[in-house]
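Tertiary structure, described
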Amino acid sequence: MNRLTAFSRPLAATARVQIARSAVATRSAIQIRNYSSEHGEESFEHFTERFIKFFDNVDDVFELQRGLNNAFGYDLVPSPSVIAAALKASRRVDDYATAVRVFEGLKVKAGSDALYKQYLDELAPLKNELGVQTKEELGL
């Protein structure tokens, strides 16, 4: 075996591995693209129904906080009925701090003080019924 043959064999093996890796990466990218094209647009009404149902079935703090992260992660402000369901769930699992944080998340998502005030006005009876205060009302 000459030097050139001995030297080129490891290079050929390395090239085969790199080609195989790039083929796997290409197939993965195509699969991801195909999977993501299957999802359609979700209507606001369907979003609202889905999260109300989710919060109505929450049994522990972890699920509640996961649901809040998901709900506030969308590029929209959840409806007052979703916020009401989240507040009821937080009181049901006896987590007052998360109930206060719901209002903090709402304030950030609302983006304007006028919209936040409208939400507070609509949710005022429920706030009083559940005994939940906002961070501002607590003086924090």
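Residues numbered from 1 in each chain as written. Predicted model: local features only at pLDDT ≥ 70, side-chain atom pairs only at ≥ 80, totals over all residues. Heavy atoms only, no water.

Digging into the overall build of the protein chain
Secondary structure assignment for the protein chain yields 7 helices and 0 strands. The buried share of the protein chain, reckoned over its 140 residues, is 29%. For the protein chain, the accessible area works out to roughly 9700 Å², and carbon and sulfur atoms hold 55% of it. (Helix = DSSP H or I, 4+ residues; strand = E, 2+ residues; numbered from the N terminus. Buried < 20%, exposed > 50% of the residue type's maximum accessible area, 1.4 Å probe, protein only. Areas by Shrake-Rupley, 256 points an atom, 1.4 Å probe, with all protein chains shown as cover.)

Here we look at the packing of helix α3 (residues 61-73) against helix α5 (residues 96-110)
The interhelical angle for the contact between α3 and α5, taken along N-to-C directions, is 5°, at an axis separation of 11 Å. Relative to α5, α3 is oriented roughly parallel. Counted together, L64, Q65, L68 and F72 of α3 and T98, V102, G105, L106 and K109 of α5 form the full contact between these two elements. Of the residues contributing to the contact of α3 with α5, the split by class is 5 nonpolar, 3 polar and 1 charged. (Axes fitted to C-alpha atoms, helices over the stretch in contact; angles between N-to-C directions. Parallel < 35°, antiparallel > 145°, perpendicular 65-115°, else oblique. Contact = heavy atoms within 4.5 Å. Nonpolar A, V, L, I, M, F, W, Y, C, P; charged D, E, K, R; others polar.)

Some thoughts on the nonpolar core
Of all hydrophobic cores here, the largest spans 29 residues; its most connected members are F55, L64, L68, I83, L87, F103 and L106. Of all elements in the fold, only α2 (44-56), α3, α4 (80-92), α5 and α6 (113-130) reach the threshold of two or more residues within this core. Looking at this core element by element, the count peaks at 7 residues for α4. Among all residues touching F55, those that are not within four sequence positions of it are L64, G67, L68, V82, A85, A86, A89 and R92. (Core = buried A, V, L, I, M, F, W, Y, C linked by side-chain atoms within 4.5 Å.)

Re the layout of surface pockets
Of the voids in this model, the largest pocket is the one considered here, and its volume is about 200 Å³. Looking at the largest pocket, the residues that line it are Q65, L68, N69, F72, T98, R101, V102, E104, G105 and V108. Contributing elements (two or more residues each) for the lining of the largest pocket: α3 and α5. Residue contributions to the lining of the largest pocket peak at 6 residues, all from α5. (1 Å grid on protein atoms, 1.4 Å probe; cavity = no way out; pocket = protein on both sides within 12 Å on 5 of 7 lines; lining within 4 Å. Points joined across faces, edges and corners; volume = space filled by probe spheres on them.)

Considerations on the pattern of salt bridges
Using the criterion set out here, one finds 7 salt bridges in the structure. Across the pair E42 and R50 runs a salt bridge, and its minimum N-O distance is 2.9 Å. Judged by its relative accessible area of 31%, E42 falls in the partly exposed class. For the salt bridge of R66 with E63, the shortest nitrogen-to-oxygen distance reads 2.7 Å. Here E63 and R66 lie together in helix α3, a separation of 3 residues that amounts to about one turn. (Salt bridge = Lys/Arg side-chain N within 4 Å of Asp/Glu carboxyl O.)

With respect to α2
Taking 1.5 Å per residue as the helical rise, α2 with its 13 residues ought to reach 18 Å, and the 18 Å between its terminal C-alpha atoms agrees with that figure. Regarding α2, the residues found buried are F47, T48, F51 and F55. Taken end-on, α2 shows its buried residues confined to a sector of 95°, consistent with a single buried face. Turned more than 90 degrees away from the buried face of α2, the exposed residues are E45, E49 and K53. (Expected span 1.5 Å × (residues − 1). Arc of directions from axis to C-beta.)

Some points on the packing of aromatic side chains
For the structure shown, the criterion picks out 6 aromatic pairs. Ring centres of F51 and F55 lie 6.2 Å apart, and the angle between their planes is 35°; this geometry places the pair in the tilted category. Note that F51 and F55 are positioned in helix α2 at a spacing of 4 residues, about one turn of the helix. Each member of the pair, F51 as well as F55, is classed as buried. Judged by centre distance (6.2 Å) and plane angle (75°), the ring pair of F51 and Y74 falls under edge-to-face. Here Y74 lies in the loop between α3 and α4 and F51 lies in helix α2, a separation of 23 residues in the sequence. Relative accessible area serves as the criterion here: at 34%, Y74 is assigned to the partly exposed category. Ring pairing ties together the aromatic residues F44, F47, F51, F54, F55 and Y74, which thus form one cluster. Between K127 and the ring centre of F103, over which it is positioned, the NZ or CZ distance is 5.6 Å. (Phe/Tyr/Trp six-rings, centres within 6.5 Å; stacked < 30°, edge-to-face > 60°. Lys NZ or Arg CZ within 6 Å of the ring centre and 35° of its normal.)

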